[in-house]
Amino acid sequence: MTELQKALYATDGTRNVKFRYDLLRNGVKHSELLVSDASVTFNSENSISGTARFTLKDTNNINWLNDTI
């Protein structure tokens, strides 16, 4: 089994996932956002299999009507 397959199937019992949060303004990366707390859940039996929740540290730079995270 290759290293990629081992990671995808979590053969050691755990899976390491990393996320980065970019602020996009007009489709272009404007800055990288800092997150104080985050969680990801997955249940293949639900109609929506995966959800993510995160709390941003500083939100003064975000235009909530036009920017994309």
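Structure shown above.
All of these numbers come straight from a predicted model, not from anything done at the bench. (Residues numbered from 1 in each chain as written. Predicted model: local features only at pLDDT ≥ 70, side-chain atom pairs only at ≥ 80, totals over all residues. Heavy atoms only, no water.)

1. Overview of the pattern of salt bridges
Going through the model one piece at a time under the given rule, you end up with four salt bridges. For Lys29, the salt bridge is made with Asp22, and the minimal N-O distance between the two is 3.6 Å. In this structure, Asp67 and Arg25 form a salt bridge, with 2.7 Å as the shortest nitrogen-oxygen distance. Here Arg25 lies in strand E1 (residues 21-25) and Asp67 lies in the segment after strand E4 (50-56), a separation of 42 residues in the sequence. (Salt bridge = Lys/Arg side-chain N within 4 Å of Asp/Glu carboxyl O. Helix = DSSP H or I, 4+ residues; strand = E, 2+ residues; numbered from the N terminus.)

2. So, the side chain of Asp22
As for its placement among the helices and strands, Asp22 is situated in strand E1. Residue classification places Asp22 among the buried residues on the basis of a relative accessible area of 15%. If we ignore the near neighbours within four places in the chain, the residues touching Asp22 are Lys29, Ser31, Glu32, Thr68 and Ile69. (Buried < 20%, exposed > 50% of the residue type's maximum accessible area, 1.4 Å probe, protein only. Contact = heavy atoms within 4.5 Å.)

3. A word on a nonpolar patch on the surface
Judged by side-chain polarity, Met1, Leu4, Leu8 and Tyr9 come together as a nonpolar surface patch covering roughly 510 Å² of accessible area. Positionally, Leu4 belongs in helix H1 (residues 3-9). (Patch = residues over 30% accessible without salt bridge, like charges linked within 9 Å, V, L, I, M, F, W, Y side chains within 5 Å. Areas by Shrake-Rupley, 256 points an atom, 1.4 Å probe, with all protein chains shown as cover.)

4. Some thoughts on the pairing of strand E2 (residues 28-33)
In this sheet, E2 lies alongside E1 in antiparallel orientation, the contact comprising five bridges. Bridge pairing links Leu23 to Ser31 in E2. Here E1 folds back onto E2, and the loop between the two strands holds two residues, one of which, Asn26, carries a positive phi near 55°. (Pairing = 2+ DSSP bridges.)

5. Things to note about the environment of Asn43
Assignment of secondary structure puts Asn43 in the loop between strand E3 (35-42) and E4. Setting aside anything within four residues of it in sequence, one finds Asn43 in contact with Ile48 and Ser49.

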